[in-house]
Amino acid sequence: MADSEPSTIAIPLNLPTYEADAFAQLLKRTTYDDCVRHSNRVRRYPDGRPELEVMWTAVQLVEQQFAEVGFARR
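Owing to the predicted nature of the structure, the values given are computational and were not obtained by experimental measurement.

Conventions and cut-offs
- Residues numbered from 1 in each chain as written.
- Predicted model: local features only at pLDDT ≥ 70, side-chain atom pairs only at ≥ 80, totals over all residues.
- Heavy atoms only, no water.
- Phe/Tyr/Trp six-rings, centres within 6.5 Å; stacked < 30°, edge-to-face > 60°.
- Salt bridge = Lys/Arg side-chain N within 4 Å of Asp/Glu carboxyl O.
- Helix = DSSP H or I, 4+ residues; strand = E, 2+ residues; numbered from the N terminus.
- Buried < 20%, exposed > 50% of the residue type's maximum accessible area, 1.4 Å probe, protein only.
- Expected span 1.5 Å × (residues − 1).
- Contact = heavy atoms within 4.5 Å.

Asker: Can you walk me through the packing of aromatic side chains in this structure?
Answerer: In this description, a pair of aromatic rings is defined by centroid distance and the angle of the planes. In total, this model carries three aromatic pairs according to the counting rule given. Grouped by ring-pair contacts, the aromatic residues F23, F66 and F71 constitute a single cluster.

Asker: Explain the pattern of salt bridges to me, please; I cannot follow it from the model alone.
Answerer: Pairing between side chains of opposite charge can happen when the charged atoms of each approach one another. Per the stated rule, a full pass over the model turns up three salt bridges. For the salt bridge of R37 with D34, the shortest nitrogen-to-oxygen distance reads 2.2 Å. Separated by three residues within a single helix, R37 and D34 lie in helix 2 (residues 32–38), roughly one turn from each other. The exposure class of D34 is buried, given its relative accessible area of 18%. The partner of R43 in a salt bridge is E51, with the nearest N and O atoms 3.2 Å apart. On the basis of relative accessibility, which here comes to 12%, the residue E51 falls in the buried class.

Asker: For this particular structure, what's the right way to read helix 1 (residues 17–29)?
Answerer: Two residues of an α-helix separated by three or four positions point the same way, owing to the 3.6 residues in each turn. Its 13 residues give helix 1 an end-to-end C-alpha distance of 19 Å, which sits within 8% of 18 Å, the value for a rise of 1.5 Å per residue. In this fold, the buried residues of helix 1 make contact with helix 3 (51–68).

Structure (structure tokens):
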């Protein structure tokens, strides 16, 4: 396992309102099972987590960021 937590990076995302709403809907409809289907079951990150876990966490983090600017789950 890694000794320290990896740093975070900022990814600016400028979307027109309708596209942001559509992307929020895509995030809302992305499930854990989708991540199971699309992840590499062999790959592990340097901290030891499998790609599935990292992928699902990323989906949740992006969804949370969208919620903070008004695109919350309905």
